[in-house]
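Residue strings, one per chain:
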Amino acid sequence: MLRVGRVLRGLDFKTYIFLFVAIPLGIFGIYLHGQKITYFLRPLWESPPKPFRQIPHYYHENVSMENLCRLHGWAVRESPRRVFDAVLFNNEVDMLTIRWKELYPYVTEYILLESNSTFTGLPKPLFFSINRDKFKFVESRLTYGVIGGRFKKGENPFIEEAYQRVALDQLLRIAGIEDDDLLIMSDVDEIPSAHTINLLRWCDDIPQVLHLQLRNYLYSFEFFLDNESWRGSAHRYQSGKTRYAHYRQSDVLLSDAGWHCSFCFRRISEFIFKMKAYSHTDRVRFAHYLNPNRIQDVICKGTDLFDMLPEEYTFKEIIGKLGPIPHSYSAVHLPAFLLNNAEKYKYLLPGNCRRESG
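Attention in this report is confined to the structure presented alongside it. (Residues numbered from 1 in each chain as written. Predicted model: local features only at pLDDT ≥ 70, side-chain atom pairs only at ≥ 80, totals over all residues. Heavy atoms only, no water.)

## Remarks on the side chain of Arg-294
Along the polypeptide, Arg-294 turns up in helix H10 (residues 292-301). Of the side chains with opposite charge, Asp-307 lies nearest to the buried Arg-294, which makes no salt bridge, at 5.8 Å. A polar contact of 2.7 Å, which involves the side chain of Arg-294, links it to the backbone oxygen of Leu-305. Residues contacting Arg-294, with those up to four places away along its chain left out, are His-288, Tyr-289, Asp-304, Leu-305, Phe-306 and Asp-307. (Helix = DSSP H or I, 4+ residues; strand = E, 2+ residues; numbered from the N terminus. Buried < 20%, exposed > 50% of the residue type's maximum accessible area, 1.4 Å probe, protein only. Lys, Arg positive; Asp, Glu negative; His and termini not counted. Salt bridge = Lys/Arg side-chain N within 4 Å of Asp/Glu carboxyl O. Polar contact = N/O pair within 3.5 Å; in protein donor to acceptor, adjacent residues only side chain to side chain. Contact = heavy atoms within 4.5 Å.)

## Concerning the sheet that holds strand S2 (residues 83-89)
Taken in spatial order, the 8 strands line up as S1-S11-S7-S10-S5-S2-S3-S4 in an open sheet, and their pairing is mixed. Strands with a single pairing partner mark the edges of an open sheet, and in this sheet they are strand S1 (53-55) and strand S4 (142-147). Recorded for the sheet is a direction-independent mean angle of 25° between the axes of neighbouring strands. Judged from the 4 bridges that link them, S2 and strand S5 (residues 182-185) form a sheet pairing that is parallel. The residue of S5 that forms the bridge with Ala-86 is Met-185. Those strands touched by helix H7 (residues 157-175) are S2, strand S3 (109-115), S4 and S5, and its axis lies near 145° from that of S3. (Pairing = 2+ DSSP bridges. Axes fitted to C-alpha atoms, helices over the stretch in contact; angles between N-to-C directions.)

## Section: the pairing of S2
S2 sits mainly inside the fold: 7 of its 7 residues count as buried. Alternating positions in S2 separate into two faces, Val-83, Asp-85, Val-87 and Phe-89 on one and Phe-84, Ala-86 and Leu-88 on the other, with burial throughout. Here S2 pairs with S3 via 6 bridges, running parallel. Residue Phe-89 lies in a different strand from S3, and its bridge partner there is Glu-114. For the crossover that starts at S2, traverses helix H5 (residues 93-103) and ends in the parallel S3, the hand is right-handed. (Right-handed = clockwise from strand over helix to strand, strands pointing away.)

## Remarks on the sheet that holds strand S9 (residues 224-229)
Overall, mixed pairing links the 4 strands, which are arranged S6-S12-S8-S9 in an open sheet. Strands at the two margins of the open sheet, each flanked by one partner only, are strand S6 (190-192) and S9. Each strand axis lies, on average, 25° off the axis of its neighbour in the sheet, ignoring direction. In terms of strand pairing, strand S8 (residues 214-218) meets S9 through 3 bridges, oriented antiparallel. Across the sheet, residue Tyr-217 finds its bridge partner in S9, namely Phe-224.

## Side note on a nonpolar patch on the surface
There is a patch of nonpolar side chains on the surface, built from Leu-44, Trp-45, Phe-315, Ile-319 and Leu-322 and spanning about 540 Å² of accessible area. Of all the elements in the fold, those that place two or more residues in the nonpolar patch are helix H3 (42-45) and helix H11 (315-320). Here Leu-322 shows up in the loop between H11 and helix H12 (336-340). In this structure Leu-322 comes out as partly exposed when scored by relative accessible area, which is 41%. (Patch = residues over 30% accessible without salt bridge, like charges linked within 9 Å, V, L, I, M, F, W, Y side chains within 5 Å. Areas by Shrake-Rupley, 256 points an atom, 1.4 Å probe, with all protein chains shown as cover.)

## What about the nonpolar core?
The nonpolar side chains of soluble globular proteins are, as a tendency, buried together. Counting residues in each nonpolar core, the largest one holds 49 residues, and the members touching the most others are Leu-96, Trp-100, Leu-200 and Leu-348. Tallying contributions element by element places H5 first for this core, with 6 residues. One finds Ile-295, Val-298, Met-308 and Ile-325 within the second-largest nonpolar core, a separate group that totals 19 residues. (Core = buried A, V, L, I, M, F, W, Y, C linked by side-chain atoms within 4.5 Å.)

## Quick look at H7
For H7, built from 19 residues, the straight-helix expectation of 27 Å at 1.5 Å per residue is met to within 8% by its first-to-last C-alpha distance of 27 Å. For H7, every residue scored as buried is listed here: Pro-157, Glu-160, Glu-161, Gln-164, Arg-165, Ala-167, Leu-168, Asp-169, Leu-171, Leu-172 and Ala-175. Where H7 is buried, its residues meet S2, S3, S4 and S5. In the stretch just after H7, Gly-176 is the one whose phi turns positive, near 90°. (Expected span 1.5 Å × (residues − 1).)

## Details of the state of the cysteines
This structure, assessed with the given rule, holds 3 disulfides. One disulfide in the model links Cys-69 with Cys-203; its S-S distance is 2.0 Å. Handedness here is read from the sign of the S-S torsion; for Cys-69 and Cys-203, about -90°, the answer is left-handed. Taken together, the residues span a long stretch of sequence, with Cys-69 in helix H4 (residues 65-71) and Cys-203 in the loop between helix H8 (194-202) and strand S7 (209-212) at a distance of 134 residues. Side by side, Cys-69 and Cys-203 carry an identical accessibility label, which is buried. The partner cysteine of Cys-300 in its disulfide is Cys-353, sulfur to sulfur 2.0 Å. The chirality of the disulfide connecting Cys-300 with Cys-353 is right-handed, given an S-S dihedral of about 90°. With Cys-300 in helix H10 and Cys-353 in the segment after H12, this residue pair connects regions lying 53 residues apart in the sequence. (Disulfide = S-S within 2.5 Å.)

Pasting the structure below:
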């Protein structure tokens, strides 16, 4: 102790400041912003994935299907494929309605699976069952399944998510899917456009697995983020080979194939529920992230719910996306049902960022 005391007496004032003020503040800053630092330095420790082979997408309502298939390098079929649209459902009632109305003319069978728990092991109501009367328009084409949650708190949420996706494979077989039927694999809020699905059901020689490039929106169609949503996909079903998944399964991407509207909820309570429920629960690092006033402020500004930096692979892309998402006042090329019911869903359209509380 005497030796330590002699060392401390030998230090000047600036060194004291560094030891007892600067270093503790630095450690506290890393605690608060460690995730931001990690994301900003991502280009140093992670390389970007292999680029997709992107297929140009041709469409106009006055062009025949034969010509549209030919423009894509495909032949037209004598009759269309059957289409199966399969989703895991959490609580996105409005987005599910818009999705199913958009795809209604072309879907043979809707498949929906919901659980009584979230991916994070929290109990939840069966929201679809509660709201089933709102979906009578698909009842004759619906295969609905319920799966009991495993309720293992503290487990990696992606394990529960994978468990539910395996169960969805079984539900697809119950629904009667067969080889060469078209299967849409995407989350509820990843909505392929109707004309995209019509193209894929009518054209021969389409890729076995085709990822869909979706226009990426956050909170509503007022905040256009980018064109980098690709996890949604369309598959020519193969018995014993096709597995329902939400990761990259091929190198082929069809351009401009629909919309991804993430965290597009009517009520603040729904934002809070999803923030607690979905697989990236580690992003809720501080309790104040769930404060309703903060969430409302974030929505109207177009900033990040989790106070995160952009998930990009180059410093140029990270810097280019810093700050709020610019407001967009275009409502061109959005789902038809949304525009035909604009008053009911006005919170999804430009200029309507205020949300209901619960």
